[in-house]
Amino acid sequence: MRATCWTGRNSVEVQDVPDPQILNDRDAIVRITSTAICGSDLHLVDGYVPTMKRGDVLGHEFMGEVVEKGRGVGNLEVGDRVVVPFPIACGACWACERELTSLCENTNPNARLAEKLWGHSTAGIFGYSHLTGGFAGGQAEYVRVPFADVGPLKVDDGLADETVLFLSDILPTGYMGAEFCDLRGGEIVAVWGAGPVGQFAAASAFLLGAERVILIDRFDYRLRIARENVDGLETLNYEDMDSVPEALKEVTGGRGPDACIDAVGLEAHHHGPLYAYDRVKQALRQQTERGIALREAIMSCRNGGVVSVVGVYGGLLDKFPIGSVMNRGLTIRAGQCHVHRYMKPLLERIVNGEIDPTFIVTHRLSLDEAAKGYELFKHKQDDCLKVVLKP
Amino acid sequence: MELDVRVRDKDPLARFLGWFSVGLGTAQLAATKAMCLLVGARTDGAAPRVMRLLGARELTQGVGILTRPRPTAWLWSRVAGDALDLGLLGAVAVRNRKARTAFAIANVVAVAVPDVYESRFLSRRSGPVRSAMTIHKGVTINSPAAEVEQAWAAAADLRALVEEHGARVSFAAAPGDRGTELAIEFEHDPPAGDLGTAVQKLTGNDLATRLADDLRRFKQVVETGEVTRSDGTPDGHLLANHLRQRAAQPQAEVTR
């Protein structure tokens, strides 16, 4: 089959690889009909997440049709149309029982590697380095889905792929980022990063009761798309100002936003000396993250507020303002999304017309054009916001 | 209650200094002339012979520190060694007047600080020498104790490994209705101390590592009915395989 493979730093190729096979009774094989490139794929391609190997098949946002299943998969039939959540969850451990599926205790066969870096392991994730299991991803014609009786969500034929594809990751991730903010009505929420997750987080914050939502980015076209599709959204382009925390203070009566969502993660951009410092330290592998967005989110948040982190971080960050967090009583909430928990309720919201996630798609390419898709997305060429690949 | 887990006399700093001695001694013996050049000494005459003697001394001290459970005397011998090294380097500096010698002196001074600190620290230890560590390898399984014990009875290989090493197994209800804590407790006391531990780890015979792998797989089988396998790790969790992973892409030949 054809599959998008990581072939080294800043290098992606669509190659011929063997077809996946059923390895365990609870596996299914899914023929991919749509798959997307995620911002966190860029962290892998750019070489900031350790333990990538040449030939790793990328991709954790995908959907398709069940073509084969193991004996232990009772709830799916061959021919079913499914969206697959990016974390792999067993459904039986303590974390899964509490719907903390990105923390499944059984699905990372490289758990010890993850424990060395993070203390404890997370769930396995499709196409997302060997730290999270070394599972082949879904930017391919076929994928093996372990624990297929737990993860995949069946969808009606009446719903177009693009309407439901983003239930696999970015829509639940953005929604969880907003849910972390404990919104009760009347809050001001600031969101760093107007990529797809940031845009969904902003839209979700309104859904959950925020009164004002301010989205921050450096690309006017991303902010424009967000304003056109999320009613009432306010935006800031940080390249036009010298201090985001000061600007936020001034537009919130001096208080700061009640909650701040970091939808940027470890490859933040900025201008100024602190950014140069981060870049140098990251290039010298003295830290794995560039933490400008997270630092700003912390410094901007009102006293006693919530900082919600759904942007991806890999390891270690320098100059972390813990004094601000402690003295001002901030709550930090973070996590890879527990996608399984959100898929059904969000599908209902899509069917009811409360959310239409299709607005973020700017590019539709064939699977063989994946490398071009990565280039467009990474360098924000041609006003690229989201690339969907069709095998 | 004081928890007796992984308690021992030797601390990470002593272990670090032991490995430092082994590394430096090996360099002095294996690359004698390079080390002479590095400290600004001559590569002919008596200097290489002295360098080799010092290397043998370092190596002996390193092995002593790593193999003894409470290596107080060996640590003090490092302090004495630092003093001797400083004297010799002083003589080299007077004769050759090279910047590299000053750099070498600075390095000896830098390592003499933790040497003195650790020697004094270990000198204050009294009471019986604690060489062995009690290690508990535990895993929490989301099932009632009766089910876990039943699965344990069926896990013949794992039980044989545990019995072979005289380890003790216990099952306890985890607090807060979290299932069952399965704990395997054993004394870790390899014949040659930390050197022995390193050898065991390198040869894959380290009991703690084997148990960690096996308990993870045991939990997977009890909770999910299967051992989780990925494309990069098709055999399931084994620490020994972590560094020789395949690429995460489907393999043409697979075993079910």
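Residues numbered from 1 in each chain as written. Chains lettered and ligands numbered in written order. Predicted model: local features only at pLDDT ≥ 70, side-chain atom pairs only at ≥ 80, totals over all residues. Heavy atoms only, no water.

### Some thoughts on the overall build of chain B
Here is step 1: Counting its regular elements, chain B contains nine helices and three strands.
Here is step 2: Reading the secondary structure of chain B in the N-to-C direction produces α-α-α-α-α-β-α-α-β-β-α-α.
Here is step 3: Here chain B has a C-alpha radius of gyration of 25 Å; the compact-globule value for 256 residues is 18 Å, and the former is much larger.
Here is step 4: Each of the 256 residues in chain B was classed as buried or not, and the buried ones make up 42%.
Here is step 5: Counted over contacts in chain B with a minimum sequence separation of 6, partners at least 24 positions apart contribute 65%.
Here is step 6: Accessible surface, chain B: about 13,700 Å² in total, of which carbon and sulfur atoms supply 60%.
Here is step 7: Distance between charge centres in chain B, computed from 33 positive and 29 negative side chains, equals 13 Å. (Helix = DSSP H or I, 4+ residues; strand = E, 2+ residues; numbered from the N terminus. Rg over C-alpha atoms; globule rule 2.2 N^0.38 Å. Buried < 20%, exposed > 50% of the residue type's maximum accessible area, 1.4 Å probe, protein only. Contact = heavy atoms within 4.5 Å. Areas by Shrake-Rupley, 256 points an atom, 1.4 Å probe, with all protein chains shown as cover. Lys, Arg positive; Asp, Glu negative; His and termini not counted. Charge placed at Lys NZ, Arg CZ, Asp CG, Glu CD.)

### Some words on the sheet that holds strand β2 (residues 168-173) of chain B
Residue and element names in this part refer to chain B.
Here is step 1: Read across the sheet, three strands follow the order β1-β3-β2 without closing on themselves; strand pairing throughout is antiparallel. Of all strands in the sheet, those with a lone pairing partner are β1 (133-141) and β2, marking the two edges. Neighbouring strand axes in the sheet, compared pairwise and without regard to direction, differ in orientation by 20° on average.
Here is step 2: The pairing of β1 with strand β3 (residues 180-188) spans nine bridges and is antiparallel. Note that in β3 the partner of I135 across the bridge is F186.
Here is step 3: Packed on one face of the sheet, helix α9 (residues 207-224) meets β1 and β3 and runs near 15° to β1. (Pairing = 2+ DSSP bridges. Axes fitted to C-alpha atoms, helices over the stretch in contact; angles between N-to-C directions.)

### Remarks on the sheet that holds strand β11 (residues 212-217) of chain A
Across a sheet, paired strands are connected by hydrogen bonds in the backbone, their directions being either parallel or antiparallel.
Residues and elements named next belong to chain A.
Here is step 1: Sheet architecture is open: six strands sit in the order β12-β11-β10-β13-β14-β15, paired in parallel fashion. The sheet terminates laterally at β12 (234-237) and β15 (331-334), the two strands that pair on one side only. For this sheet the average axis-to-axis angle between neighbouring strands, irrespective of direction, equals 20°.
Here is step 2: Relative to strand β13 (residues 259-262), strand β10 (residues 188-192) runs parallel, the two being bridged by four bridges.

### Concerning unusual backbone geometry
Glycine aside, residues mostly have negative phi angles, and peptide bonds mostly take the trans form.
Residue and element names in this part refer to chain A.
Here is step 1: You will see that E99, though not glycine, has its phi angle at about 60°, which is positive.
Here is step 2: Take E99: it is sitting in the loop between α2 (94-97) and α3 (111-118).
Here is step 3: In this structure E99 comes out as partly exposed when scored by relative accessible area, which is 41%.
Here is step 4: Not every positive phi belongs to a glycine, and R285 is a case in point at roughly 60°.
Here is step 5: You can call R285 partly exposed: its relative accessible area is 47%.

### Quick look at the state of the cysteines
Here is step 1: In total, this model carries zero disulfides over all chains according to the counting rule given.
Here is step 2: The thiol of A:C5 is not disulfide-bonded; the next cysteine sulfur, from A:C38, is found 18 Å away. (Disulfide = S-S within 2.5 Å.)

### Quick notes on the confidence of the model for chain B
Here is step 1: Considering every residue of chain B, the mean pLDDT works out to 91; 99% of them sit at 70 or more.
Here is step 2: Predicted complex metrics record ipTM = 0.91 and pTM = 0.90. (pLDDT = per-residue confidence, 0-100.)

### Comments concerning the interface of chain A and chain B
Here is step 1: At the interface, 41 residues of chain A touch 31 residues of chain B.
Here is step 2: Roughly 3,100 Å² is buried in total at the junction of chain A and chain B, and carbon and sulfur atoms are behind 50% of that figure.
Here is step 3: On the chain A side of the contact with chain B, A:L23, A:N106 and A:P109 bury the most area, a combined 21% of that side's loss.
Here is step 4: Run the count over chain A and chain B and you get two salt bridges.
Here is step 5: The partner of A:E115 in a salt bridge is B:R216, and the shortest N-O contact between them spans 2.9 Å.
Here is step 6: Counting every contact that joins chain A to chain B gives 26 residue pairs in polar contact (both at pLDDT 80 or more).
Here is step 7: Listing elements by their share of the side of chain A that touches chain B, those giving two or more residues are α2 and α3 of chain A.
Here is step 8: The element best represented in the side of chain A that touches chain B is α3(A), accounting for four residues.
Here is step 9: Of the residues that constitute the side of chain A that touches chain B, the class distribution is 18 nonpolar, 10 polar and 13 charged. (Buried area = accessible area lost by both parts, 1.4 Å probe. Salt bridge = Lys/Arg side-chain N within 4 Å of Asp/Glu carboxyl O. Polar contact = N/O pair within 3.5 Å; in protein donor to acceptor, adjacent residues only side chain to side chain. Nonpolar A, V, L, I, M, F, W, Y, C, P; charged D, E, K, R; others polar.)

### Quick look at the packing of helix α5 (residues 170-179) of chain A against helix α6 (residues 196-207) of chain A
Residues and elements named next belong to chain A.
Here is step 1: At a minimum axis distance of 7 Å, the contact between α5 and α6 shows a crossing angle of 50°. Looking at the two axes, α5 sits oblique to α6. The element α5 and its partner α6 pack so that their crossing is right-handed. Between α5, through I170, L171, T173, G174, Y175 and A178, and α6, the contact on the second element is made entirely by P196, V197, F200, A201, S204 and A205.
Here is step 2: When the residues that make up the contact of α5 with α6 are grouped by side-chain class, the tally is nine nonpolar, three polar and no charged. (Parallel < 35°, antiparallel > 145°, perpendicular 65-115°, else oblique. Left-handed = near helix turned anticlockwise from the far one by under 90°.)

### A look at the environment of A:P146
Residues and elements named next belong to chain A.
Here is step 1: Within the element layout of this structure, P146 appears in the loop between β8 (142-145) and β9 (153-154).
Here is step 2: Note on P146: relative accessible area 3%, which makes it buried.
Here is step 3: Leaving out residues up to four positions away in the same chain, P146 has contacts with R26, D27, I88, F126 and F135.

### Quick notes on the packing of aromatic side chains
Pairs of aromatic rings are described using the distance from one ring centre to the other and the angle between the two planes.
Here is step 1: In the structure shown here, the tally under the stated rule is eight aromatic pairs over all chains.
Here is step 2: Relative to B:F218, the ring of B:W152 lies with its centre 5.7 Å away and its plane at 85°, an arrangement referred to as edge-to-face. Placement of the pair is B:W152 in helix α6 (residues 145-154) and B:F218 in helix α9, with a sequence separation of 66 residues.
Here is step 3: Overall, B:W152 belongs to the buried group, its relative accessible area being 8%.
Here is step 4: Of the residues examined, B:F218 reaches a relative accessible area of 8% and is grouped as buried.
Here is step 5: In this structure an aromatic cluster arises from ring pairing among B:W152, B:F171 and B:F218.
Here is step 6: Lying across the ring of A:Y48, A:R9 places its NZ or CZ 5.6 Å from the centre.
Here is step 7: Directly above the ring of A:F377 sits A:K380, whose terminal nitrogen or CZ lies 5.9 Å from the centroid. (Phe/Tyr/Trp six-rings, centres within 6.5 Å; stacked < 30°, edge-to-face > 60°. Lys NZ or Arg CZ within 6 Å of the ring centre and 35° of its normal.)

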